[in-house]
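# Breakdown of the fold
Each chain, written out:
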Amino acid sequence: MPDTFPVIDLRDAERGPGARAEFLDRLRRSVHDIGFFQLVGHGVTGAAELLDLSRTFFALPDQERRKLDILNSPHFRGYSELGRERTRGVPDQRQQLDIGPERPGGRPGPGEPAYRWLAGPNQWPAGLPELQPAVLDWMDQLTGLSHRLLRLILESLETPVDFLDAVVDPDPQVHFKLLHYPGPAEAAEIAPADQGAGIHKDLGLLTLLVQDDVGGLQVAVEEDHFVDVPVVADAFVVNLGELLEVATRGYLRATVHRVVRPAPGVDRYSMPFFYSPRLEGSMRPLPTRYVSEADGVVVDPDNPLFACYGDNVMKGLTRGFPELIARHHPGLLADADQ
């Protein structure tokens, strides 16, 4: 499958009417057929430097990283050790730092939804002060790029390019992770359930990923048939989240993917950025013939899709961080059992 993950050059969108038409047609086919592609020509700089900072962060003494323990944050911000986050109930074998928009700490008021907890402060390492400004600048750059890319996807679907502005402007919910996947010890064997990140779909609109040269990201091009995503220099791996599946009645799919754990002695680093509507934003069907002719979203009783982003992301976090939920939000566990 030589073009399973097409490489799309964003500069083609500005090279005249003919090149733009070809660009939009290729973009539409990419997001419809597989939901993953490689984006080059995006103009964003600083990925290599930020990856180096990420390596430095994960090389900090263990006690320094543990000061940022995500279990201490009711806002789901901070450091996770190996196995802290779970996918489908199985611990993911990765370390991570979860970062969102810098906001004052707060809590939902009476009658407000639980997703109001997702607005809050980040936790930053005192021993690496240069990380905070670098990450916040990166998030600003990728927010702008994501908004531009979303509008181009809408244009490729013959939809008014501002149709989703109402749910993302002026304050989209963005999220960023620094990820470290350490391979097991040389003498250890990788068990079947010893996943880097388990099989899942992303929850929002768009994901833009920088990966190092180790690889390990795999996408289900057919049911239970996973294909390695190649490493392309200076490219973002772009994939769609569940809310675009909802908004297109399944014409666009949030494609299932996973990360396999590296070989013994090998370390993998990556940096995913998630672009989503405001927490209270709800998706409406796009006014386009592609949507009116679509078959509907994938029905999975174990993974219901919610049109409101806040509801959809809390679904994922409740499953992914059961210890944090039990400590700070036990009522959500009771609600999930009902």
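Residues numbered from 1 in each chain as written. Predicted model: local features only at pLDDT ≥ 70, side-chain atom pairs only at ≥ 80, totals over all residues. Heavy atoms only, no water.

### Side note on helix α1 (residues 17-33)
The first and last C-alpha atoms of α1 sit 24 Å apart over 17 residues, in line with the 24 Å expected at 1.5 Å per residue. Of the positions making up α1, those classed as buried are Phe23, Leu24, Leu27, Arg28, Ser30 and Val31. The arc enclosing the buried residues of α1, seen along the axis, measures out at 165°, which places them on a common side. In α1, the exposed positions that point more than 90 degrees away from the buried face belong to Glu22 and Asp33. Downstream of α1 by a residue or two, Gly35 has a phi angle that is positive, lying close to 80°. (Helix = DSSP H or I, 4+ residues; strand = E, 2+ residues; numbered from the N terminus. Expected span 1.5 Å × (residues − 1). Buried < 20%, exposed > 50% of the residue type's maximum accessible area, 1.4 Å probe, protein only. Arc of directions from axis to C-beta.)

### Considerations on unusual backbone geometry
One can expect most non-glycine residues to show negative phi and most peptide bonds to be in trans. Pro170 follows Asp169 through a cis peptide bond whose omega is 0°. On the secondary structure map, Pro170 appears in the loop between α5 (165-168) and β7 (173-182). Despite not being glycine, Arg88 shows a phi value in the positive range, around 55°. Take Arg88: it is sitting in the loop between β4 (86-87) and β5 (90-91).

### What about the layout of surface pockets?
The calculated volume of the second largest pocket comes to roughly 420 Å³. Lining the second largest pocket are 24 residues, with Ala47, Val210, Ala233, Asp234 and Ala235 positioned closest to its centre. Breaking the lining of the second largest pocket down by element, the ones donating at least two residues are α2 (47-58), β9 (206-211) and β12 (236-240). The leading source of residues in the lining of the second largest pocket is α2, at six residues. (1 Å grid on protein atoms, 1.4 Å probe; cavity = no way out; pocket = protein on both sides within 12 Å on 5 of 7 lines; lining within 4 Å. Points joined across faces, edges and corners; volume = space filled by probe spheres on them.)

### What to know about the pairing of β9
Extensive coverage of β9 is indicated by the burial of six of its six residues. Two elements, β9 and β12, share four bridges in a ladder whose sense is antiparallel. Bridge pairing in β12 places Leu209 opposite Val237. Taken together, the six bridges between β9 and strand β14 (residues 267-276) define a ladder with antiparallel strand orientation. Across the sheet, Leu208 pairs through a bridge with Phe273, a residue of β14. (Pairing = 2+ DSSP bridges.)

### Structural notes on the nonpolar core
Within the largest apolar cluster, 78 residues are counted, with the highest numbers of intra-cluster contacts made by Leu131, Phe176, Leu206 and Phe236. Counting residues per element, this core draws most heavily on helix α4 (residues 131-156), at eleven residues. When neighbours within four sequence positions are excluded, Phe176 is seen to be in contact with Leu50, Leu97, Asp98, Ile99, Val135, Trp138, Met139, Met271, Pro272 and Phe273. In this structure, Phe5, Tyr181, Leu217 and Val237 belong to the second largest nonpolar core, which totals twelve residues. (Core = buried A, V, L, I, M, F, W, Y, C linked by side-chain atoms within 4.5 Å. Contact = heavy atoms within 4.5 Å.)

### Here we look at empty space enclosed by the protein
Per the counting criterion, the structure on display carries one cavity of 30 Å³ or more. Estimates place the volume of the largest cavity at around 40 Å³. Lining the largest cavity are Arg66, Asp69, Tyr79, Ser80, Glu81 and Arg84. Taken together, the residues of the lining of the largest cavity break down into one nonpolar, one polar and four charged. (Nonpolar A, V, L, I, M, F, W, Y, C, P; charged D, E, K, R; others polar.)

### Observations concerning the environment of Lys177
With respect to the element layout, Lys177 can be found in strand β7. For Lys177, a relative accessible area of 8% puts it in the buried group. C-alpha of Lys177 to C-alpha of Ala114: the two residues are 63 residues apart in sequence and 22 Å apart in space. For Lys177, the residues in contact, after removing those within four places along its chain, are Glu85, Arg94, Gln96, Leu97, Asp98, Ser270, Met271, Pro272 and Phe274. A polar side-chain atom of Lys177 sits 3.4 Å from a polar atom in the side chain of Glu85. (Polar contact = N/O pair within 3.5 Å; in protein donor to acceptor, adjacent residues only side chain to side chain.)

### Side note on the packing of α1 against α4
Relative to each other, α1 and α4 sit at 95°, their axes nearing to 9 Å. Considered as vectors, α1 and α4 are oriented roughly perpendicular to each other. Contact with α1, carried on its side by Arg20, Phe23, Leu24, Leu27, Arg28 and Val31, involves Leu152, Ile153, Glu155 and Ser156 of α4 and no other residues of that element. Here the contact of α1 with α4 is built from residues that sort into six nonpolar, one polar and three charged. (Axes fitted to C-alpha atoms, helices over the stretch in contact; angles between N-to-C directions. Parallel < 35°, antiparallel > 145°, perpendicular 65-115°, else oblique.)

### Digging into the side chain of His180
In this fold, His180 is placed in strand β7. A distance of 2.6 Å separates polar atoms of two side chains, one belonging to His180 and the other to Gln95. At 2.6 Å, the side chain of His180 and the side chain of Asp267 are in polar contact. If we skip the residues at most four places from it in the chain, His180 touches Phe58, Arg94, Gln95, Asp267, Arg268 and Tyr269.

### Side note on the packing of aromatic side chains
Under the definition given, this model contains seven aromatic pairs. A ring pair is formed by Phe76 and Phe321, whose centres lie 6.3 Å apart and whose planes are at 65°; its orientation type is edge-to-face. Note that Phe76 is positioned in the loop between α3 (62-66) and β3 (78-80) and Phe321 in the loop between α8 (309-320) and α9 (322-328), a separation of 245 residues in sequence. In this pair, the class of Phe76 matches that of Phe321, namely buried. Ring plane angle 40° and centroid distance 5.1 Å describe the contact between Tyr251 and Tyr290, whose orientation is recorded as tilted. Residue Tyr251 is found in the loop between α6 (242-247) and β13 (257-259), and its partner Tyr290 is found in helix α7 (residues 289-292); the two are separated by 39 residues along the sequence. Taken individually, Tyr251 and Tyr290 each receive the classification buried, so the pair is uniform in this respect. (Phe/Tyr/Trp six-rings, centres within 6.5 Å; stacked < 30°, edge-to-face > 60°.)

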